[in-house]
Every structure is written in structure tokens, then in C-alpha cells.
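# Survey of secondary and tertiary structure
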Amino acid sequence: MALPAEKERYTFADALAWDDGERAELIDGEIYLMAPAPSRPHQKVSGEIFRQLANYLEGKKCEAYSAPFDVRLFEQDGDAPEDVDTVVEPDITVVCDPSRLDDRGCKGAPDMVVEILSPSTRRHDRLVKLNLYQRAGVREYWIVSPEEQAVEVFLLSGDGLLLPHEVYSRDGIAKVNVLDGCFIELSKVFP
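Okay, so let's go over this structure. (Residues numbered from 1 in each chain as written. Predicted model: local features only at pLDDT ≥ 70, side-chain atom pairs only at ≥ 80, totals over all residues. Heavy atoms only, no water.)

Before going further, it helps to examine the overall build of the chain. Helices and strands together make up the secondary structure of the chain, namely four helices and 13 strands. Over its C-alpha atoms the chain spans a radius of gyration of 16 Å, differing by no more than 12% from the 16 Å that the globule rule assigns to 191 residues. Taking contacts inside the chain between residues at least 6 apart in sequence as the whole, the part at least 24 apart equals 54%. Carbon and sulfur atoms provide 48% of the accessible area of the chain, an area that totals close to 9,800 Å². Of the charged side chains in the chain, 21 are positive and 36 negative; the average position of the first set lies 5 Å away from that of the second. (Helix = DSSP H or I, 4+ residues; strand = E, 2+ residues; numbered from the N terminus. Rg over C-alpha atoms; globule rule 2.2 N^0.38 Å. Contact = heavy atoms within 4.5 Å. Areas by Shrake-Rupley, 256 points an atom, 1.4 Å probe, with all protein chains shown as cover. Lys, Arg positive; Asp, Glu negative; His and termini not counted. Charge placed at Lys NZ, Arg CZ, Asp CG, Glu CD.)

Mapped onto the secondary structure, D111 falls in the loop between β7 (105-107) and β8 (112-116). With a relative accessible area of 10%, D111 lands in the buried category. From its side chain, D111 meets the backbone nitrogen of C96 in a polar contact 2.7 Å long. Filtering out sequence-adjacent residues up to four positions away, D111 remains in contact with V94, V95, C96, D97, V138, R139, E140 and V178. (Buried < 20%, exposed > 50% of the residue type's maximum accessible area, 1.4 Å probe, protein only. Polar contact = N/O pair within 3.5 Å; in protein donor to acceptor, adjacent residues only side chain to side chain.)

The next subject is the pattern of salt bridges. Going through the model one piece at a time under the given rule, you end up with eleven salt bridges. Here R126 ties to E152 by a salt bridge, and the two come within 2.4 Å at their closest N and O atoms. Taken together, the residues span a long stretch of sequence, with R126 in helix α3 (residues 122-136) and E152 in strand β10 (residues 150-156) at a distance of 26 residues. Here the salt bridges share partners, and the residues they tie into one network are R72, E75 and D102. (Salt bridge = Lys/Arg side-chain N within 4 Å of Asp/Glu carboxyl O.)

The tendency in soluble globular proteins is for nonpolar side chains to be buried side by side. Grouped together as the largest cluster of nonpolar side chains are 27 residues, with contacts concentrated most on L53, V94, W142, V144, V176, L179 and I184. Mapped onto this core, the elements with two or more residues apiece are α2 (40-57), β5 (92-95), β8, β9 (140-145), β10, β12 (173-176), β13 (182-185) and α4 (186-189). In terms of residues, this core owes the most to one element, α2, which gives four residues. Apart from residues no more than four positions distant in its own chain, L53 is found in contact with A64, I92, V94, V176, L179, C182 and I184. Ranked by size, the runner-up nonpolar core spans 19 residues in total, among them F69, C106, L117 and Y141. (Core = buried A, V, L, I, M, F, W, Y, C linked by side-chain atoms within 4.5 Å.)

Per the stated rule, a full pass over the model turns up three aromatic pairs. Judged by centre distance (4.2 Å) and plane angle (5°), the ring pair of Y65 and F69 falls under stacked. Accessibility expressed as a relative area gives 22% for Y65, which makes it partly exposed. The class for F69 is buried, based on a relative accessible area of 11%. Among the aromatic residues, those joined into a cluster by ring pairs are Y133, Y141 and F154. Sitting over the face of the ring of Y56, K60 holds its NZ or CZ atom 4.3 Å from the ring centroid. (Phe/Tyr/Trp six-rings, centres within 6.5 Å; stacked < 30°, edge-to-face > 60°. Lys NZ or Arg CZ within 6 Å of the ring centre and 35° of its normal.)

Looking now at the side chain of E48. By the element assignment, E48 lies in helix α2. Classification of E48 by relative accessible area gives buried; the value is 13%. Apart from the residues lying within four places of it in its own chain, the contact partners of E48 are K188 and V189.

Printed below as a string of C-alpha cells:
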């Protein structure tokens, strides 16, 4: 990745100028390089969850996006790219407010985020990203473990905390709490 000169804090404006060869996230102005491509099992799990979500959302107001899709968690109306220092790329993002969408992705907190664990991201997704999504006000956060064939669901409380809500195993049917009547058949996710 061709990064600009060493800086204390990077912004979305910097990210827009980088080469497209490598993927990176920006958290509080710090760069986090991402693995070049997720594993095949990771892609299968992500693809199946996305397929089921997209099928459910067909013709509805909410939209689902799969990575790569930039989410500028703390961007507000009127912010310029140089004002934005946090840009993440969840595996799956669900947005129900069309005003949050633009040609570059999502500005502000999406309604739901799904992160699929890999050995290199396990700690980052469970700690850094959980805290980040909580600060931004993401209403529902799923941590999916292909290795354990399980889904952990966290919901935003009235106190602004993402709290553990439910854990589903491979033969469960996971309820998507932010989408009325939406369920994900995990036997298809973890065949």
C-alpha cells in the first residue's frame, strides 16, 4: 500500500488517495491492514448469511451490503473526508436509513453489522470492533465463528451498551432483531 508520509492521524481523505491493491480499515486515525482475501470457508459463511439477508430484504426499505463496503461510523452531515478518522469494512452491513447511504458507502452507524472471525481477526473483532460499534450506536452486532459453527448476537441496550443477547449453534435459527420477521437458517450457513 502506498501510504502518504508518516502521520500521527490518518483520515478518510488519505484512504481515498491510497492504492487499491491492499485493504485497510481506519480506526481513530490509525491504519489496520486487512488480510488480502478471506479463506474459502469464511467466504462461504459470509455469502450464505448475505444471501439469506438479501432475499429477505428484497423489495424492503433496508439494504444489505457485503465487504468490501466502507462504513464511516462517526461521520455526520457536513463532514469532509479529512474530518473522518474511522472507516471500517464489516463482512456484512445492513442499513435501514437511506439517508446514511452515499456512493462511498455508509455514513454513520448501520443498523446491523456481521463480522466473521478468522484466526487473525478474532481478538480485533471481539474487543476493538465490539467497542467501536458500541460507541457508534450499531443496534445489532453478530460475531460469527466458522470454526465453532456458532453465532453470537449482541444488541444495543438503552444505556448504549452492546450486550450479549443470544448464542446460536449450527442447527439453530438465528433471529435478526433489527429486521421484523427475519431469521437466518444456520444449518445452511454451517453445512
